[in-house]
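Letter by letter, the chains look like this.
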Amino acid sequence: MCFPDAKYVESSAYHEAGHTVAAVALGMPLRKRGVHIDRRGDGISYYWFRVLGDTNNAPEDIAERERTIISIEAGFTAQRRFYPGCPTGGNFTDRDQCIKLLDEMYSNRDDWLGAQERLIAEARRLVDRHWDAIEALAKAVLAQPLMQRPEDAERQWSRDSMERWVDGNQVVSILKQFGMEPFIHGEANGKFYPKGLRPGSMTTANARWIEFPGHSLLLSPTSGSGL
């Protein structure tokens, strides 16, 4: 198996940490499965976010999509901050996800472009503001020993047999040290984020969320949406 350069693989931890920390900053629920990277620069951050395909466009739907886009864009933003020379190929599927979410909200091209610019700027702001937390989470992932990676029944996010990872409880513990308020929405509750689960949350009773597979791979036929 051929591996990317070591700096790129290391940067994938910052990519996944960027997704996770931005999601927490936006009040989005984490999953117990935590943050994973492999030896190829692939990774996945498990948290709940807006699914493509729901055409409702009420204010709460727009809020869900916008926060999802911000959390997606934060991944590659953090990766490039750590590794400015990072190849952009791994951002393809993440950006594709964002484009489709924007398409669900805006038919006017000027509105579409204005929203994209605003949401990317917010992702950058969150990465800058929470950089210490991103770096701490990334370093915690990188410090883990390589372990055999089980097949993921939900999504084929990696072609490697080995991974490093921290679980959701570890993510919560790390981010609380930086004054953040992470919380886990359990798998047993299904892919719904009930209204009132957390005060000031971004969702409504019928909000639908799914895990975000944040690939940092250059290009892979098995890539899901990854940044």
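Residues numbered from 1 in each chain as written. Predicted model: local features only at pLDDT ≥ 70, side-chain atom pairs only at ≥ 80, totals over all residues. Heavy atoms only, no water.

Trainee: Lay out the overall build of the protein with the relevant residues and their values.
Mentor: The secondary structure content of the protein amounts to six helices and five strands. Starting at the N terminus and walking to the C terminus, you meet the elements of the protein as α-β-β-α-α-α-α-β-β-α-β. Considering the protein as a whole, with its 227 residues, one finds that 53% of them fall into the buried category. Looking at the protein alone, contacts between residues at least 24 apart form 72% of all its contacts between residues at least 6 apart. With the model as given, the accessible surface of the protein reaches about 9,900 Å², and the carbon-plus-sulfur share is 52%. (Helix = DSSP H or I, 4+ residues; strand = E, 2+ residues; numbered from the N terminus. Buried < 20%, exposed > 50% of the residue type's maximum accessible area, 1.4 Å probe, protein only. Contact = heavy atoms within 4.5 Å. Areas by Shrake-Rupley, 256 points an atom, 1.4 Å probe, with all protein chains shown as cover.)

Trainee: Could you give an account of the nonpolar core, with specific residues and numbers?
Mentor: Core analysis: the largest hydrophobic core is formed by 47 residues, its most contacted members being Ile 134, Leu 137 and Leu 175. Secondary-structure elements contributing two or more residues to this core are helix H1 (6–25), strand S1 (30–38), strand S2 (43–50), helix H2 (59–82), helix H3 (92–105), helix H4 (109–129), helix H5 (131–142) and helix H6 (168–176). Ignoring anything within four residues of it in the chain, the contact list for Leu 137 reads Ala 17, Thr 20, Val 21, Val 35, Val 166, Val 171 and Ile 174. (Core = buried A, V, L, I, M, F, W, Y, C linked by side-chain atoms within 4.5 Å.)

Trainee: I'd like a rundown of the packing of H2 against H3, residues and numbers included.
Mentor: Between H2 and H3, the shortest axis-to-axis distance is 10 Å and the interhelical angle comes to 160°. Classified by the angle their axes make, H2 and H3 are roughly antiparallel. Read as a crossing pair, H2 and H3 show a hand that is left-handed. Facing H2, whose interface residues are Ile 62, Arg 65, Glu 66, Thr 68, Ile 69, Ile 72 and Glu 73, H3 presents Asp 94, Arg 95, Gln 97, Cys 98, Leu 101, Leu 102, Glu 104 and Met 105. Of the residues belonging to the contact of H2 with H3, the class tally is seven nonpolar, two polar and six charged. (Axes fitted to C-alpha atoms, helices over the stretch in contact; angles between N-to-C directions. Parallel < 35°, antiparallel > 145°, perpendicular 65-115°, else oblique. Left-handed = near helix turned anticlockwise from the far one by under 90°. Nonpolar A, V, L, I, M, F, W, Y, C, P; charged D, E, K, R; others polar.)

Trainee: Quick rundown of H4? Include the residues and the values.
Mentor: Under the 1.5 Å per step criterion, the end-to-end length of H4 is 30 Å for 21 residues, consistent within 8% with the ideal 30 Å. Within H4, burial applies to Trp 112, Ala 115, Gln 116, Leu 119, Ile 120, Ala 123, Leu 126 and Val 127. Buried residues of H4, viewed axially, fall in a sector of 130°; they line one side. Exposed side chains of H4 directed beyond 90 degrees from the buried face belong to Asp 110, Glu 117 and Arg 129. If you follow the buried residues of H4, they end up packed against H1, H2, H3 and H5. Capping of H4 at its N-terminal end is provided by Asn 108; its side-chain oxygen lies 2.9 Å from the backbone amide nitrogen of Asp 110. (Expected span 1.5 Å × (residues − 1). Arc of directions from axis to C-beta. Polar contact = N/O pair within 3.5 Å; in protein donor to acceptor, adjacent residues only side chain to side chain.)

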